[in-house]
Amino acid sequence: MSSMISLEDVKKVYRMGDTKVEALEDADVNIEDGEFVAVMGPSGSGKSTLMNMVGALDIPTEGEVSIGGEDVSDFGEDELALLRSRKIGFIFQQFNLIPSMNAAENVALPMLFRGASKKKRMERAEELLERVGLGERMHHMPSELSGGQRQRVSIARALSNDPDIILADEPTGNLDTETGENIMNLLTELNDEGKTIVMVTHDENDAEYADRIIKIVDGKTGVEA
Ligand SMILES: Nc1ncnc2c1ncn2[C@@H]1O[C@H](COP(=O)(O)OP(=O)(O)OP(=O)(O)O)[C@@H](O)[C@H]1O
Ligand SMILES: [Mg+2]
């Protein structure tokens, strides 16, 4: 197996006027191609900051980050955006669907930036919605879907550009237990198909689906089997 994501001696300092916040003090993470990893730690420990590095949303203050073999430590905004659209799909606790677009349009949206024709985009969106079990709900608006269905739309959207990596920040945080299990089973299927998955969770049951847990405390990473 080869490394998909690596952080070496990463520090992230946020400056707010005169004060400095060390959100990450010493993060060392190596995630292999095809792994399913859970990230756990107390509130304020640096999980979202870590995910911002892993998701190419931000660069470190110090240290090295590489994603899919590319060193992104010095990337600018445009380079980060391009890498995200090529390699990474995002799933959020709040689903983050566009309320004025139906399910298929939401799923097709990230493909706009890849320059595919509207027909191609809608065809692929419909395929992906079938894939997540929402073939009957393609033209429903987000407000006409249940929480679990909305999360499945957001998973289909995350898959639209066929990413190597899927990042999920508390994907079951707004769902009841049974619906959450459905979502975890879907993530497991995607992992079985070869996607590398990194998931932040507070939920011990969700963490059981992962191959291993990265613990983070006070901006420092450690690993638990
Ligand atoms: N943009 C920012 N500017 C200043 N400080 C920040 C910023 N983002 C995060 N921090 C600080 O960095 C630390 C880590 O924050 P982070 O959001 O990574 O924690 P978290 O582990 O995701 O917490 P939670 O479980 O509550 O979401 C916190 O002390 C937070 O206040
Ligand atoms: Mg957070």
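So, a few notes on the structure that sits alongside this text. Predicted, not measured: the structure shown is a model, and the values here were computed from it.

What counts, and at which threshold
Residues numbered from 1 in each chain as written. Chains lettered and ligands numbered in written order. Predicted model: local features only at pLDDT ≥ 70, side-chain atom pairs only at ≥ 80, totals over all residues. Helix = DSSP H or I, 4+ residues; strand = E, 2+ residues; numbered from the N terminus. Rg over C-alpha atoms; globule rule 2.2 N^0.38 Å. Buried ≥ 20, exposed ≤ 12 C-beta atoms within 10 Å, placed from the backbone. Contact = placed C-beta atoms within 7 Å. Pairing = 2+ DSSP bridges. Near = placed C-beta within 6 Å. Nonpolar A, V, L, I, M, F, W, Y, C, P; charged D, E, K, R; others polar. Axes fitted to C-alpha atoms, helices over the stretch in contact; angles between N-to-C directions. Parallel < 35°, antiparallel > 145°, perpendicular 65-115°, else oblique. Left-handed = near helix turned anticlockwise from the far one by under 90°.

A word on the overall build of the protein
Stage number 1. Helices and strands together make up the secondary structure of the protein, namely 7 helices and 10 strands.
Stage number 2. The C-alpha atoms of the protein give 17 Å as radius of gyration, which agrees with the globular expectation for 225 residues (17 Å, within 12%).
Stage number 3. Along the three orthogonal principal directions, the C-alpha set of the protein runs to about 50 × 40 × 40 Å.
Stage number 4. Residues classed as buried in the protein amount to 40% of the 225 residues present.
Stage number 5. Contacts spanning at least 24 positions in sequence make up 69% of the contacts within the protein whose residues lie at least 6 apart.

Overview of the pairing of strand β2 (residues 19–32)
Every other side chain in a regular strand lies on the same face of the sheet, so the side chains alternate between the two faces.
Stage number 1. Relative to β2, strand β1 (residues 3–16) runs antiparallel, the two sharing 10 bridges. When the bridges of β2 are listed, Val-10 appears paired with Ala-27.
Stage number 2. What sits between β1 and β2 in their antiparallel hairpin is a turn of 2 residues, with Gly-17 showing a positive phi close to 60 degrees.

Brief notes about the site of ligand 1
Stage number 1. Lining the immediate environment of ligand 1, one finds Tyr-14, Met-16, Val-21, Ala-23, Gly-41, Ser-43, Gly-44, Ser-45, Gly-46, Lys-47, Ser-48 and Thr-49.
Stage number 2. Breaking the shell around ligand 1 down by element, the ones donating at least two residues are β1, β2 and α1 (47–54).
Stage number 3. With 3 residues, α1 is the largest single contributor of residues to the shell around ligand 1.
Stage number 4. Here the residues of the shell around ligand 1 are counted per class, giving 4 nonpolar, 7 polar and 1 charged.

Describing the packing of helix α3 (residues 103–112) against helix α5 (residues 147–158)
Stage number 1. Between α3 and α5, the shortest axis-to-axis distance is 8 Å and the interhelical angle comes to 30 degrees. The angle between the axes of α3 and α5 places the two elements in the roughly parallel class. For the crossing formed where α3 meets α5, the hand is right-handed. Between α3 and α5, the contacting residues are Ala-103, Asn-106, Val-107, Leu-109 and Pro-110 on the first element and Val-153, Ala-156 and Arg-157 on the second.
Stage number 2. The residue inventory of the contact of α3 with α5, partitioned by class, reads 6 nonpolar, 1 polar and 1 charged.

Everything listed here is a matter of coordinates, which is why it stays silent on function.
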